[in-house]
Each structure stands twice: as C-alpha cells, then as structure tokens.
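Overview (structure and organization)
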Amino acid sequence: MQGNTHILGGIATGTIYLHYVGPVDGEVLFFSGLMFGALLPDIDHKSSKIGRAVPLIDNIISSAFGHRTFTHSLLILLLGYWLFQTISLPVSLELGILLGMVNHILLDMLTVDGVKFLWPFKVRVGIPVGVKSGGPFEQALIVFFVIMIGYFGYQVYF
C-alpha cells in the first residue's frame, strides 16, 4: 500500500476508536501518533515517506532485515509496547502510534506480497489474490477510508 493509504487508514482507525471507545486526552497527539505509526513500518523501504526523510535509517534496516519483515511483525509491536512502558510519553501519543502501526501491518496483509508477521519465522501472512499497491482496489480503499473518517468523525464531534 502507498503512504497516503496508510495515513488515511490510520486516521479512519482513530475516528472509529474514538466513536466506540471514547475520547482520549490529547486528540492532536493521538492523531499525530496515528499518522506517524501508520508510516513507521515502512522505514525499511527507501522510497517510503519516512525512508525519504531519513535515508540512512531506511538503508540500514532494509539491508539488515529486508522489506515487510521485522518492521511489519508482531515482534516490533511488542517491542513498541515495551518501549512505551519504559519511557514516558503521553498515553494518547503511544496509543496512536501503536494503532497506526497495527493498521499499517493489517493493510499490508491485504497485498499480494503480504508480511512476515511472525518474523523471524519465514511464514508470510497475506491474501493470495491480494491488492496490488497503487491499483484500483487501493484507490477504492482510499475512498472508503475518507467516507469512514467523515461518518465516524461526524458521530464523534457532532
């Protein structure tokens, strides 16, 4: 999936979360975390939004692990959760980052290539007839996310 799809997916997840779970302290931090977390797993790819912004890190991670392995795994989610337990960040930011990362990984599971969710095991999790990145289904998904953001955003704020 492309970066914009991941960002909109993260925002949609945030509005759905607020609708069903309730408000968070610091919604700006929450949505900032969602957008950052939605892009973070692709730090292993040099043409990603974060990879272009921080070129050295993407090369190191990509060389060490490859694409859609470590940064798209259950292990990175657990490490992120552990890290947030050891450092002091606002809870809304931590929650946003983790939800954004989960959303990113789930979206990439919809693609033909899938992800190595159980990395370091080589099992790839995905859909055999999955989405082609940038293809028509992804474009439809973007429209769906915009509708979800509008609908749930309206429910939360009005």
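An account of the accompanying structure is given in this report. (Residues numbered from 1 in each chain as written. Predicted model: local features only at pLDDT ≥ 70, side-chain atom pairs only at ≥ 80, totals over all residues. Heavy atoms only, no water.)

When its secondary structure is counted, the chain shows seven helices and zero strands. Mapped from its N terminus to its C terminus, the chain presents α and β elements in the order α-α-α-α-α-α-α. Over its C-alpha trace the chain gives a radius of gyration of 15 Å, about what one expects of a compact globule, namely 15 Å for 158 residues. When its C-alpha atoms are laid out on the principal axes, the chain stretches across 45 × 40 × 30 Å. A total of 158 residues make up the chain; the buried ones form 44% of that total. Residue pairs at least 24 apart in sequence account for 64% of intrachain contacts in the chain once pairs closer than 6 positions are excluded. (Helix = DSSP H or I, 4+ residues; strand = E, 2+ residues; numbered from the N terminus. Rg over C-alpha atoms; globule rule 2.2 N^0.38 Å. Buried < 20%, exposed > 50% of the residue type's maximum accessible area, 1.4 Å probe, protein only. Contact = heavy atoms within 4.5 Å.)

Right, let's get into the packing of aromatic side chains. Throughout the structure, instances matching the rule amount to nine aromatic pairs. With a centroid separation of 5.7 Å and 40° between ring planes, the pair formed by Tyr 17 and Phe 30 is classed as tilted. Taken together, the residues span a long stretch of sequence, with Tyr 17 in helix H1 (residues 3-20) and Phe 30 in helix H2 (residues 27-39) at a distance of 13 residues. Here Tyr 20 and Phe 152 contribute two aromatic rings whose centre-to-centre distance is 5.8 Å and whose plane-to-plane angle is 55°, an arrangement assigned as tilted. Of the two residues, Tyr 20 is situated in helix H1 and Phe 152 in helix H7 (residues 136-157); the sequence distance between them amounts to 132 residues. One aromatic cluster in this structure is built from Tyr 17, Phe 30 and Phe 31. (Phe/Tyr/Trp six-rings, centres within 6.5 Å; stacked < 30°, edge-to-face > 60°.)

The terminal C-alpha atoms of H2, which comprises 13 residues, lie 18 Å apart, in line with the 18 Å expected from a rise of 1.5 Å per residue. Contacts from the buried residues of H2 go to H1, helix H3 (49-53), helix H6 (91-109) and H7. (Expected span 1.5 Å × (residues − 1).)

All told, the structure shown has one salt bridge when counted by the stated rule. Two residues, Arg 68 and Asp 108, come together in a salt bridge whose shortest N-O distance is 3.3 Å. On the criterion of sequence distance, the pair formed by Arg 68 in the loop between helix H4 (55-65) and helix H5 (74-86) and Asp 108 in helix H6 is long-range, its members being 40 residues apart. Of the residues examined, Asp 108 reaches a relative accessible area of 0% and is grouped as buried. (Salt bridge = Lys/Arg side-chain N within 4 Å of Asp/Glu carboxyl O.)

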